[in-house]
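Chain residues, written in single-letter form:
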Amino acid sequence: MARFNLEERTFELGKDILERMEGETPSIFDKQWWTGVMMEWCMKDPAFKLEMFRFVDVFPQLRSSDAISSHLKEYFTRPGQSFPKTIQLGIKAGSFFSGTIEKNLQRMARQFVAGENPEEAFTVINKMRNESLAFTVDLLGEKSVSESEAMDYQRRYLDLMEGLHGLATKWTDHPTLDHDDHGPIPRINISIKVSSLYSQISAVDLDNSAKMLHERLKPIFLRAKDIGAAIMLDLEHYALKNITYEAFYRLLEDPDLKQGPEMGVVVQAYLRDSAQDLDEIIKRAKKAKKRISIRLVKGAYWDSETVHAHQQHWQVPVYQEKTATDHNFEHLSTVILKSKGAVKLAIASHNVRSIAHAMAQAEALGLPKNAVEFQTLFGMAEPIKKTLIKMGYRVRDYTTVGEMVPGMAYLVRRLLENTSNESFLRAKFVEGDSRERLLAQPQPQNAPPPTPPTPPWGGNTPLTDWRFPEPHRDFSKTLLNFEKKALGQKIPVVIAGDKRHKTTVEPSLYPADPQVVVAECALADSADIAEAIAHSRKHWLRWSQRPAQDRADILRKAAKIMNDRRADLAALQVFEVAKSWEEADADVAEAIDFLNYYAYEAERLAPGIRLGEEPGEHNLLTYQGLGVGAIIAPWNFPLAIVTGMTAAALVAGNAVLVKPARTSPACAYAMFEILLKAGIPKDVIHFVPCVGAQVGPLLVEDKDIDFITFTGSMEVGIDILQRAAVVQSGQRNVKRVVTEMGGKNAIVIDDDADLDEAVTGVVKSAFGFQGQKCSACSRAIVVGDAYDAFTARLIEATRSLHIGPPTSPRNLVGPVIDEKSQQRIMGIIEEATQDLTVGICRKEDLPAHGYYAPPTVFLDCPPQHRICQEEIFGPVLAVIKASTFEEAIGIANDTAFGLTGAVFSRSPLHIDYARMHFDVGNLYINRGSTGALVGRQAFGGSKMSGVGSKAGGPDYLRQFMAPKCTTENTMRRGFSPETL
Ligand code: NAD
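The structure presented is a predicted model; accordingly, all values stated were derived computationally and were not measured. Residue numbers restart at each chain and count upward from 1, following the sequence in its written direction. Where totals are concerned, whole chains, interfaces and linings use all residues; where local detail is concerned, this predicted model gives features only for residues with pLDDT of at least 70, and gives and counts side-chain atom pairs only at 80 or more. No hydrogens and no water enter the side-chain calculation; it runs on all heavy atoms of the structure.

Caption draft 1: The overall build of the protein chain, seen in detail. When helices and strands are tallied, the protein chain shows 33 helices and 34 strands. Atoms counted for the radius of gyration: C-alpha only. Globule rule: 2.2 Å times the number of residues to the power 0.38. Relative to the globule expectation of 30 Å for 980 residues, the C-alpha radius of gyration of the protein chain, 32 Å, shows essentially globular dimensions. In this scheme, a residue with accessible area under 20% of its type's maximum is buried, one over 50% is exposed, and one in between is partly exposed, where area comes from a 1.4 Å probe on protein chains only. Scored against the burial criterion, the 980 residues of the protein chain give a buried share of 58%. Any pair of residues with heavy atoms lying within 4.5 Å of one another is described as a contacting pair. At a minimum sequence separation of 6, the contacts of the protein chain that also span at least 24 residues come to 77%. The method behind every accessible area is Shrake-Rupley, applied with a 1.4 Å probe, and residues are considered shielded solely by the protein chains displayed. Carbon and sulfur atoms provide 52% of the accessible area of the protein chain, an area that totals close to 38,700 Å². Helix and strand assignments follow DSSP, with helices taken as H or I runs no shorter than four residues and strands as E runs no shorter than two, numbered in order from the N terminus.

Structure below.
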């Protein structure tokens, strides 16, 4: 007998499949239909495709034919676009599309969605069984923003199962659909996207998220066991992969589920670590003595995984080349087939080569046809399904049920898949690729994952990647260690290296449990301040005259030390100011970024700028230090802001006195020590914690202070500006004052906004770190029809937030900074409750101890109400109604502040309008208003939110430098260097 050649057999089977499909076209490419025409245009013109997909995405949110028409115009008839004339003219005339678009898009969605409700889908499923096509049903709905939505999703699954149960009892046994090589298999097959089952699912809360999923999935699994259904857990984004697998293992090992149901999970072959995952899944299945299914897919989130990884500076988790994914797919399918029945294989691909390879591999292992199942997507690849069924294989259609709105993300993904250059269906049915190309053996890819381009300053420090279990274990340990060993630190005043422990000290308390003293801080008196200023005056010039590169190198060294101590510094923040794990980690990363960025900036400015090209003169604009500065810092970004302000002033060639906020001295002291260790001379940096209101003015008013860098509240900032303006006797410099102050930031939600995104963005911006970010959203201004749906979801989303101590990663909302702040916020809520509608106030859910304030939403707020005008600096959100987008922007601008603002809109015209008219220092479009990154979102406000150039931006350093223009006459007795 001839030796079995896997490659030859793969080609033979592939050829057979291709021949059997000859002359057929999948319905999505059928040009007799609107979808087919659209697909053709999309494939021909990437710009059209982009607008088309964007339009499809916004379409369900458009509630009137006017809205449809205006969006069509905005997307397809902008100047410079060269789309087919028929489209442009038709849209402009308002005739071509607006009448039929709705019907056509519904039809397009219908192509991929089996029904808007289970009943509709049941008709389709019955028909499928008659055509010898098995099914797995998935309910649309990818994002639950609240627990009520998540619970509703769970209920919908349970209802769906009841319906299917009733249906299945009427079916007669089907030899191919209802049996595999081990015997009968469930007729009912359900697929679940787990993210919809728990609204607070998050990588940073890995363990608890898996636990919650187990809890939410268990009733579904138990019911499946009763009715004999199989359940498959889908995989979504990489951020949820380990959570999903962990939940799956818990279900696998759950004693109540020992006897069933049949369960399975997805493996995505585009993931570089999928082989390790598969090994673990097989190991666990064997250990649990359960024969599970693996649905092997290529992966549907390639673009977003790549973009997300680049944005975060994390390793890209997916293969870059399609051929490498295909190669891995074949490797994984082989591993599954060789598992000797421990796991069963479902090949979920429309790629004939991948299908043929699995068939050939199964043959090589002597497995019967029914040992492998092929899965296809509803509404796609009909010729492939038909062929496989004819060849005697079991084919299961992934059948999606649900409404248009949650369905759009799904639809866009399917459209992307089918129109992408990499799509097998496109290659075969549109491009008509040769058989050899279609069936070519895929190649492995050994190249390392790509790294995004690094900016000259080095780029942002990647945040801790919580998607993996190790950082969780490590940080939990760090927190425990901190609690055991690092509490109660004694912080001195330090003048020129002299540490002064004083009799007057102030405790820094853990806001979640004020019994816990994080640190005890000595307080500087006026003599200390005077001494520090005098000392600085003497020494600053020498420091200023050192080469900029020396100073920059010290900053880089400090960045390195900080990076080595990242976890400890984050733990300190968790205790000192009650930052959540993620927020604390991000603050340390930002501090490191400031050091690296300003080091680069100092070097960039050092050579000076040549002005003018005229011969006979040489003009050079150079920068030098100003002298001695006071750094007055807030507590809310307890390491990043103080580090940014201090590092910038130092590297620019100045001496500084660092005055930390009273509630975060330990974080500031950690920075101070790091800077000294890195090599900042002790003569030019002094640590002067003091009571701002009492001793602070001395810092500001002293004749020998040349500049003040302040970040904090408007009241204090304005007071400092006024004091600094008064010229003292003997003063030799007009004081420069950089003040970054408060905000009353608004997010505008347009009536076409993606509400999933808008609700999540607003909740995170309003309640993250308890609303104590200068960039926090405190007003949500909602346009027109979006109001009711937005507020209903917002309230439920707020109700779903976990409140509690920041030591647990489960809690998004912790305590506010101190008792004074807590009392003030409670007072404001009480007062506003008298005359406003309370949407929700989580007063009842606050822990008994600690400085907690309730996340609160007020509805229908008049824009001039105190709650809409004053900075509260706590978890309080005012929702305001506007009838038009322009009115919303007007309301947003109508406060004294102008720090951050955001807009959720899918109207290009409105986005342009916001760019032009939204009067803020930092404007965010289609994202929340917090989380600026150094070097990318240079940060700082306008109006009463601040005077100064943006932190983390290219203008910042110059504020601490005196520019000097030197002009040399280069002519000597009639000759100049240029003419020689
Ligand atoms: P705060 O104004 O109470 O204190 C800021 C600093 O000033 C502290 O170190 C404080 O001790 C000191 N201080 C107080 N009175 C002083 C005085 N009379 N003279 C000199 N120093 C004095 O602010 P905070 O509570 O620490 O921080 C919260 C405020 O900071 C909010 O208003 C927030 O919006 C703002 N903030 C703004 C930005 C920004 O970039 N715009 C960033 C973070 C925080």
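Caption draft 2: The arrangement of the site of the ligand in detail. Around the ligand, 28 residues are found, and the nearest of them are Ala633, Trp635, Ser713, Met741 and Glu871. The backbone of glycine 712 places a nitrogen or oxygen atom 3.3 Å from an oxygen atom of the ligand. Polar contact is defined as a pair of N or O atoms within 3.5 Å, subject to the rule that within protein one atom must be able to donate a hydrogen and the other to accept it, and that residues adjacent in sequence are counted only when both atoms are side-chain atoms. Contact between the ligand and glutamate 871: an oxygen atom at 2.5 Å from a side-chain N or O atom of the residue. Coverage of the ligand by the protein chains reaches 88% of its 840 Å² of free accessible surface. Among the secondary structure elements, those contributing two or more residues to the shell around the ligand are α26 (692-701), β22 (707-711) and α27 (714-725). Top element by residues in the shell around the ligand is α26. It accounts for four residues. We call a residue near a given molecule or strand whenever any one of its heavy atoms falls within 4 Å of it.

Caption draft 3: Region of interest: the packing of aromatic side chains. In this analysis, rings of Phe, Tyr and Trp, with Trp reduced to its six-membered ring, are considered paired at centre separations within 6.5 Å, and the interplanar angle assigns stacked below 30 degrees, edge-to-face beyond 60, and tilted for intermediate values. What the rule picks out here adds up to 27 aromatic pairs. When the ring of tryptophan 41 is compared with that of phenylalanine 48, the centres are 5.7 Å apart and the planes differ by 80°; the resulting orientation is edge-to-face. Classification of phenylalanine 48 by relative accessible area gives buried; the value is 1%. One aromatic cluster is present, formed by Trp457, Phe594, Tyr597, Tyr598, Phe707, Tyr956 and Phe960 through successive ring pairs. Cation placement over rings: the criterion is NZ of Lys or CZ of Arg within 6 Å of the ring centroid and within 35° of the ring normal. Positioned above the aromatic ring of tyrosine 249, the side-chain terminus of arginine 284 is 4.1 Å from the ring centre.

Caption draft 4: A look at the pattern of salt bridges. Salt-bridge detection follows one rule: a side-chain nitrogen of Lys or Arg within 4 Å of a carboxyl oxygen of Asp or Glu. All chains considered together, the criterion is met by 73 salt bridges. Measuring nitrogen to oxygen at the nearest pair gives 4.0 Å for the salt bridge that ties glutamate 131 to lysine 127. Residue class for glutamate 131 comes out partly exposed when judged on its relative accessible area of 46%. By relative accessible area, which is 53% here, lysine 127 ends up exposed. A salt bridge links glutamate 147 to arginine 216; the shortest N-O distance between them is 2.6 Å. Taken together, the residues glutamate 147 in helix α8 (residues 147-168) and arginine 216 in helix α9 (residues 206-227) connect sequence positions 69 residues apart. Arginine 216 carries the same exposure label as glutamate 147, and that label is buried. The structure contains a network of salt bridges with shared partners spanning Asp498, Arg500, Lys502, Asp525, Asp528 and Glu531.

Caption draft 5: How the structure looks around the nonpolar core. For this analysis, a nonpolar core means a set of buried residues of the types Ala, Val, Leu, Ile, Met, Phe, Trp, Tyr and Cys, connected via side-chain atoms within 4.5 Å. Among the nonpolar cores identified, the biggest contains 146 residues, and Tyr598, Ile708, Ile749 and Phe790 are the most heavily contacted of them. Per-element accounting of this core gives the leading share, twelve residues, to helix α23 (residues 581-605). Core analysis: the second largest hydrophobic core is formed by 132 residues, Leu213, Leu217, Ile281 and Val297 among them.

Caption draft 6: Looking closely at the packing of α8 against α9. Fitted lines through C-alpha atoms serve as axes, helices being fitted only where they are in contact, and the angles separating the N-to-C directions of these axes extend from 0 to 180 degrees. In contact at an axis separation of 10 Å, α8 and α9 are set at 10° when each is read in the N-to-C sense. Between α8 and α9, the angle falls in the class roughly parallel. From α8, Glu147, Ala150, Met151, Gln154, Tyr157, Leu158, Met161, Glu162 and His165 reach across to α9, where they touch Met212, Arg216, Pro219, Ile220, Arg223, Ala224 and Ile227. Our angle categories are set so that under 35 degrees counts as roughly parallel, over 145 as roughly antiparallel, 65 to 115 as roughly perpendicular, and the remainder as oblique.

Caption draft 7: Quick peek at the sheet that holds strand β17 (residues 609-611). At least two bridges found by DSSP between two strands is the condition for calling them paired. Pairing in this open sheet of three strands is antiparallel, and the strands run β17-β18-β34 from one edge to the other. Looking at which strands have only one partner, the edges of the open sheet turn out to be β17 and β34 (961-969). Neighbouring strand axes in the sheet, compared pairwise and without regard to direction, differ in orientation by 30° on average. Where β17 meets strand β18 (residues 617-625), three bridges bridge the pair, whose relative direction is antiparallel. Note on β18: the bridge partner recorded for isoleucine 609 is leucine 621.

Caption draft 8: Unusual backbone geometry, seen in detail. Glycine 260 connects to proline 261 through a cis peptide bond whose omega is 5°. Backbone geometry places lysine 289, a non-glycine residue, at a positive phi of 55°. The residue lysine 289 is located in the loop between α11 (274-288) and β8 (292-297) in this model. The class of lysine 289 is exposed, set by a relative accessible area of 76%.

Caption draft 9: Summary view of the sheet that holds strand β12 (residues 489-491). Taken in spatial order, the three strands line up as β12-β16-β15 in an open sheet, and their pairing is mixed. If you trace the sheet from one side to the other, it starts and ends with β12 and β15 (505-510), each paired once. Between one strand axis and the next, the sheet turns through 35° on average, direction left out of account. Here β12 pairs with strand β16 (residues 513-522) via three bridges, running parallel. If you follow lysine 490 over to β16, its bridge partner there is glutamate 520. Packed onto the sheet, helix α22 (residues 566-577) meets β15 and β16 and runs at close to 100° relative to β15.

Caption draft 10: Geometry of the packing of helix α32 (residues 885-893) against helix α33 (residues 908-917). Running from amino to carboxyl end, α32 crosses α33 at an angle of 25°, the nearest separation of the two axes being 11 Å. Comparing the axis directions of α32 and α33 gives the class roughly parallel. Handedness of the α32/α33 crossing: right-handed. Facing α32, whose interface residues are Phe885, Glu886, Ile889 and Asn893, α33 presents His910, Tyr913, Ala914 and His917. The residue inventory of the contact of α32 with α33, partitioned by class, reads four nonpolar, three polar and one charged. Throughout, a crossing is termed right-handed when the near helix is turned clockwise from the far one, and left-handed when it is turned anticlockwise from it by less than a right angle. Any residue that is not Ala, Val, Leu, Ile, Met, Phe, Trp, Tyr, Cys, Pro, Asp, Glu, Lys or Arg is counted as polar, Gly included; the first ten are nonpolar and the last four charged.

Caption draft 11: Expanded view of the side chain of threonine 856. Following the sequence through the fold, threonine 856 ends up in strand β27 (residues 856-859). Not counting residues up to four positions away in its chain, the partners in contact with threonine 856 are Phe767, Ile829, Ile840, Cys841, Pro875, Val876 and Leu877.

Caption draft 12: Spotlight on the pairing of β15. Note: β15 against β16, six bridges, orientation antiparallel. Each bridged residue has a counterpart across the sheet, and for proline 507 the counterpart in β16 is glutamate 520. Between the end of β15 and the start of β16, which pair antiparallel, lie two residues.

Caption draft 13: Quick peek at helix α3 (residues 46-58). Here the expected span of a helix is defined as 1.5 Å times the quantity of residues minus one. An ideal rise of 1.5 Å per residue puts 18 Å on 13 residues; α3 measures up with 18 Å between its terminal C-alpha atoms. Turning to α3, its buried residues number three or more, namely Phe48, Lys49, Glu51, Met52, Phe53, Phe55, Val56 and Val58. By the N-cap criterion, in which a side-chain oxygen at the helix start approaches the backbone nitrogen of a residue two or three places on, α3 is capped by aspartate 45, the distance to alanine 47 being 2.9 Å.

Caption draft 14: Main features of the domain arrangement of the protein chain. What fixes the domain bounds is an automatic or database domain assignment. Split by domain assignment, the protein chain resolves into domain 1 (14-113 + 411-432), domain 2 (117-402), domain 3 (480-608 + 623-741 + 958-962) and domain 4 (745-945). With centres defined by C-alpha atoms, the gap from domain 2 to domain 3 works out at 54 Å.

Caption draft 15: Looking closely at the pairing of β22. β22 sits mainly inside the fold: five of its five residues count as buried. On β22, burial covers both faces: Phe707, Thr709 and Thr711 on one face and Ile708 and Phe710 on the other are all buried. Relative to β22, strand β19 (residues 628-632) runs parallel, the two sharing four bridges. Considered in β22, the bridge of isoleucine 631 is made with threonine 709. Sheet topology note: the β22/strand β23 (residues 736-740) ladder contains five bridges and is parallel. Note on β23: the bridge partner recorded for phenylalanine 707 is arginine 736. Orienting the strands away from the viewer, one traces the path from the first strand over the helix to the second; a clockwise path indicates a right-handed crossover. Handedness of the β22-α27-β23 crossover: right-handed.

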